[in-house]
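Each chain, letter by letter, is given below.
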Amino acid sequence: MEINKYYDILTQKLVGWLELMVKMLPNFVVAVLVLIAFVLVARLVKNISDRFLNKAIKNNSLSSIISKVIYIIVITIGVFTALSFLNLDKTVSSLLAGAGIIGLALGFAFQDIATNFIAGFFMAIKRPFKIGQVIHCEGYSGIIKHIGIRTTELTSFQGQEVIIPNKMLFQNPLVNDSENTYKRIDLNVGVSYGEDLERVRDIAIGAVENIPNINKNKDIDLVYLAFGSSSIDFRIMIWVAFKSQLEFLKSQSEAIIAIKKAFDKEDIMIPFPIRTLDFGIKGGEKLNEVFPQEKIQANISDQRQDKPKGEQ
């Protein structure tokens, strides 16, 4: 009797499932056709977005990722639409809720990666720099080697490979040397207080007029800055063509050599740091005024007389 009872229950279940399958067969066919249609549409949209993004962004890796994200979104919509045809609305709601929770958890866990990705996305659109350009950011300097979605790779001037997160380049001040054709050399120099400052100005400007890569269309400016501790300080400003960082440093080096040679030839002194020692309570007194030579000699003689004979 027990076996017949279980047999009847199993038979009813199988018959019910079969009836449900037959009843849902048209919906199942429609769901499959809908899913296939969405797959074809997703591929078409991916190909179109690839072409458009490659022209708009000109970043193959970024455009590929964006087109893949669009493809996945279209496929996901297709899956949920197909499930709705099978009257699995509760299943769809559960999947959406689960996806939301998982997405929130992943967002907290990988927020730095997401931030770098978003920064790379906006930089790819704005394009603040290009491969081969020289940039400076947060103490890092070098030539752009590769621009990725999450990081940007530099080759420093010492030949080191530097990998910088895109978030740092996007959120902090960035200097792009390669955007301008010309760059200015600022040299700070000091001359003696005894020099004729107008003469110094003319000689310094004349000395750097023919350094390599100088821009003849821009004036050479010289301004005096301050009365220093041992010199009168000035700054000379020279515009040169920026071909590379090395060429810029060579031009700066030649400017220093030219100024030094011109000053030596014209007997203009670049003074060493000078220290003046004041003696006495109020200062401004010389050593020989505070301690006369006779008094110093007398003290030395007294010290010699006070020593034992063996130590003299």
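Being a predicted model, the structure only gives us computed values, none of them experimental. (Residues numbered from 1 in each chain as written. Predicted model: local features only at pLDDT ≥ 70, side-chain atom pairs only at ≥ 80, totals over all residues. Heavy atoms only, no water.)

*Asks:* What should I look at first to understand the overall build of the chain in this one?
*Replies:* On a plain count of helices and strands, the chain comes out with nine helices and eight strands. Taking all 312 residues of the chain together, 27% fall into the buried category. Partitioning the contacts of the chain with sequence separation of at least 6, the portion at a separation of at least 24 is 61%. (Helix = DSSP H or I, 4+ residues; strand = E, 2+ residues; numbered from the N terminus. Buried < 20%, exposed > 50% of the residue type's maximum accessible area, 1.4 Å probe, protein only. Contact = heavy atoms within 4.5 Å.)

*Asks:* Looking at this model, I keep getting lost on helix α7 (residues 245-265). Mind explaining?
*Replies:* Within an α-helix, residues lying three or four positions from one another point in the same direction, as the helix has 3.6 residues per turn. In this model, α7 (21 residues) spans 31 Å end to end at C-alpha, consistent with the 30 Å of a helix rising 1.5 Å per residue. Three or more residues of α7 are buried, namely Q245, F248, S251, A255, A258, I259, A262 and F263. Axial view of α7: buried residues confined to an arc of 150°, hence all on one face. In α7, the exposed positions angled more than 90 degrees off the buried face are occupied by L246, K261 and K265. Against the buried residues of α7 lie β6 (182-191), α6 (197-207) and β8 (232-241). (Expected span 1.5 Å × (residues − 1). Arc of directions from axis to C-beta.)

*Asks:* Would you explain the packing of aromatic side chains in this entry?
*Replies:* The geometry of two aromatic rings is summed up by the distance between their centres and the angle between their planes. Enumeration according to the criterion identifies three aromatic pairs in this entry. Here Y224 and F234 contribute two aromatic rings whose centre-to-centre distance is 5.7 Å and whose plane-to-plane angle is 70°, an arrangement assigned as edge-to-face. Of this pair, Y224 sits in strand β7 (residues 221-227) while F234 is found in strand β8, placing the two residues 10 residues apart along the sequence. Here F234 falls in the buried class, since its relative accessible area comes to 0%. Here F242 and F248 contribute two aromatic rings whose centre-to-centre distance is 6.3 Å and whose plane-to-plane angle is 55°, an arrangement assigned as tilted. Of the residues examined, F248 reaches a relative accessible area of 6% and is grouped as buried. Across from the ring centre of F248, 4.4 Å away, lies the NZ or CZ of K183, which sits over that ring. In this structure, K218 is placed above the aromatic ring of W239, and the distance from its NZ or CZ to the ring centre is 4.9 Å. (Phe/Tyr/Trp six-rings, centres within 6.5 Å; stacked < 30°, edge-to-face > 60°. Lys NZ or Arg CZ within 6 Å of the ring centre and 35° of its normal.)

*Asks:* Sorry if this is basic, but what is going on with a nonpolar patch on the surface here?
*Replies:* On the surface, F28, V29, V32, L33, I36 and L40 cluster together into a nonpolar patch covering about 540 Å² of accessible area. Checked against the element boundaries, V32 lands in helix α1 (residues 2-56). On the basis of relative accessible area, V32 is assigned to the partly exposed category, the value being 34%. (Patch = residues over 30% accessible without salt bridge, like charges linked within 9 Å, V, L, I, M, F, W, Y side chains within 5 Å. Areas by Shrake-Rupley, 256 points an atom, 1.4 Å probe, with all protein chains shown as cover. Salt bridge = Lys/Arg side-chain N within 4 Å of Asp/Glu carboxyl O.)

*Asks:* Looking at this structure, how should I read the sheet that holds strand β2 (residues 140-147)?
*Replies:* Hydrogen bonding along the main chain pairs the strands of a sheet, whether they run parallel or antiparallel. Read across the sheet, five strands follow the order β4-β3-β2-β1-β5 without closing on themselves; strand pairing throughout is antiparallel. The sheet is open, and its two borders are formed by β4 (161-165) and β5 (175-176), each paired with just one other strand. Note: β2 against strand β3 (residues 151-155), four bridges, orientation antiparallel. Paired with I144 across the strands is L154, a residue of β3. (Pairing = 2+ DSSP bridges.)

*Asks:* Hey, could you run me through the sheet that holds β8 in this one?
*Replies:* Read from one edge to the other, the open sheet built from three strands follows the order β6-β8-β7, with strand pairing classed as antiparallel. The open sheet is flanked by β6 and β7, the only strands paired with a single partner. Each adjacent strand pair in this sheet contributes to an overall mean axis angle of 25°, direction not counted. Inspection of the sheet shows β7 paired to β8 by six bridges, in the antiparallel sense. For D221, the partnering residue across the bridge sits in β8 and is M237. Along the sheet, α6 makes contact with β6, β7 and β8, crossing β7 at roughly 140°. Across the sheet, α7 touches β6 and β8, and the angle it forms with β6 is around 30°. (Axes fitted to C-alpha atoms, helices over the stretch in contact; angles between N-to-C directions.)

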